[in-house]
Amino acid sequence: MGLLTYLKSLFILQLLMGFVFVVSGLIINFIQLCTCVLWPFNKQLYRRINCRLAYSLWSQLVMLLEWWSGTECTLYTDQATVDMFGKEHAIIILNHNYEIDFLCGWTMCERYGILGSSKVLAKHELLKVPLIGWTWYFLEIVFCKRRWEDDRDTVFKGLDQLKDYPEFMWFLLYCEGTRFTEKKHEISMQVAESKGLPRLKYHLLPRTKGFTTTLQCLKGTVAAVYDVTLNFKDQQTPTLLGIVHGKKYKADLKIKRFPVEEIPEDEKACANWLHKLYQEKDALQEHYHKEGSFPGPTIITARRPWTLLNFLFWATVLLSPLINFAYGVAVSGSPLLIIGFLLFLIVASVAIRRLIGVTEVNKTGSSYGNPEAKKQN
């Protein structure tokens, strides 16, 4: 075990894994671009192909969580709910407290066969992020600027386009709008008090417009809303960098299924329903902090081998020529080639670190509660 931990800490191995992810991602993005010619003739074939291309990229990140770090994910729910996973279109409501909350969600998507078709209401800035934003663009992800007057037409059009999606999808909503920090929480609770709403201890005040609009637009397509409350054992604060270093975490996810028929159709009543839901989520988090677990039965689903096999495929294809090239540079004795290769490694490591930085709490770039930033936007 000590040797394995040491190997996971080696920068060169982490760099090689990053190289595989980046280069395979660029190849996948190019193939996605080529599939655009299918859209006018067979939109559903285009979508099915892109679901599988996206799976080939996203599953590499899931592999890091499941196989590299060995992180465990325990579900707190009933078997009847689990039996519906991957068999219906659903909206997922997830608390936004951790750098890897999306990765835990993707892990569940992978285990139930819908990773490639998973959707999210994403902030517009992510569209410019290489690999992530580009892949999402081809997957018809709905991007928003979080200003309703600017987003209205884009959101309605994007959601309407998903009504005939050929594969079951989970549509993720971070109703809080941004990741939780103490500063944002303080500002959020000031807003809650001004609106006469109860204070939340572990969440920001949910922004109801995104939820009510998504539910309205996907009515007749989405069968249920899954409320997911995430926390980690032993008050761990997981990071994507920790995952890359092979650190193991223990994630607990409390999941409750709500058939859409049980959610009010009226916009105001639906917004009130969401506020009540977040009060219940807050109570669940309070229980977790006191007891170290969520209430209810637990279900542990086994990781599947496909994420590991997919990564090994890309590693075999991409690392063999890289290693041969590195060997050729080393034996050439050419200072120019060696310096050039070292510069390539430095640039690659910086690029990978910047990609990881997209998930970091203190680098999310949110203007939440910042009047000056909002004016500039």
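Everything below is about the structure printed above this text.
A short tour of the structure in this document, coming up. Note that the structure is a prediction, hence the values are computed from the model and not measured.

**Focus: the overall build of the protein chain**
When you go through the protein chain residue by residue, the secondary structure sums to 14 helices and 8 strands. Reported as C-alpha extents along the three principal axes, the dimensions of the protein chain are approximately 70 × 55 × 50 Å. Split into buried and exposed, the 377 residues of the protein chain put 51% on the buried side. A separation threshold of at least 6 residues defines the contact pool for the protein chain, and within that pool the share at least 24 residues apart is 78%. Surface exposure of the protein chain reaches about 18,500 Å², of which carbon and sulfur atoms provide 62%. Put simply, the protein chain has 43 plus and 35 minus side-chain charges, and the middle of one group is 4 Å from the middle of the other.

**Concerning the environment of K87**
Among the secondary structure elements, K87 is positioned in the loop between α4 (79-82) and β2 (90-94). Within the structure, K87 has its side chain in polar contact with the backbone oxygen of D83 (distance 3.2 Å).

**Observations regarding the nonpolar core**
Among the nonpolar cores identified, the biggest contains 99 residues, and W58, W136 and F211 are the most heavily contacted of them. The greatest single-element share of this core, amounting to 12 residues, is contributed by helix α3 (residues 43-68).

**Focus on the sheet that holds strand β6 (residues 224-232)**
Pairing between sheet strands relies on hydrogen bonds along the backbone, with the strands arranged either parallel or antiparallel. Read from one edge to the other, the open sheet built from 8 strands follows the order β4-β3-β5-β2-β6-β7-β1-β8, with strand pairing classed as mixed. Among the strands making up the open sheet, the edge pair consists of β4 (142-144) and β8 (298-299). One ladder, built from 2 bridges, connects strand β1 (residues 72-76) with β8; its direction is antiparallel. Within the sheet, the bridge partner assigned to L75 lies in β8 and is I299. Packing of helix α11 (residues 267-291) onto the sheet brings it into contact with β2, β6 and β7 (250-259), and relative to β6 it is tilted by some 30°.

**A short note on the pairing of β6**
With respect to burial, β6 is a largely interior element, 9 of its 9 residues being buried. Along β6, one buried face is formed by A224, Y226, V228, L230 and F232 and the opposite face, lined by V225, D227, T229 and N231, is buried too. Looking at chain direction, β2 and β6 are connected through 5 bridges and run parallel. Among the inter-strand pairings, I93 is bridged to a residue of β6, identified as D227. Pairing between β6 and β7: 9 bridges, direction antiparallel. Considered in β7, the bridge of V228 is made with I255.

**Brief notes about a nonpolar patch on the surface**
Among the surface-exposed residues, I27, F30, I31 and L33 lie close enough to one another that they form a single nonpolar patch of about 360 Å² accessible area. Locating F30 in the fold gives a position in helix α2 (residues 11-35).

Criteria and cut-off values
- Residues numbered from 1 in each chain as written.
- Predicted model: local features only at pLDDT ≥ 70, side-chain atom pairs only at ≥ 80, totals over all residues.
- Heavy atoms only, no water.
- Helix = DSSP H or I, 4+ residues; strand = E, 2+ residues; numbered from the N terminus.
- Buried < 20%, exposed > 50% of the residue type's maximum accessible area, 1.4 Å probe, protein only.
- Contact = heavy atoms within 4.5 Å.
- Areas by Shrake-Rupley, 256 points an atom, 1.4 Å probe, with all protein chains shown as cover.
- Lys, Arg positive; Asp, Glu negative; His and termini not counted.
- Charge placed at Lys NZ, Arg CZ, Asp CG, Glu CD.
- Polar contact = N/O pair within 3.5 Å; in protein donor to acceptor, adjacent residues only side chain to side chain.
- Core = buried A, V, L, I, M, F, W, Y, C linked by side-chain atoms within 4.5 Å.
- Pairing = 2+ DSSP bridges.
- Axes fitted to C-alpha atoms, helices over the stretch in contact; angles between N-to-C directions.
- Patch = residues over 30% accessible without salt bridge, like charges linked within 9 Å, V, L, I, M, F, W, Y side chains within 5 Å.
- Salt bridge = Lys/Arg side-chain N within 4 Å of Asp/Glu carboxyl O.

All quantities given are derived from atomic positions and should not be read as evidence of function.
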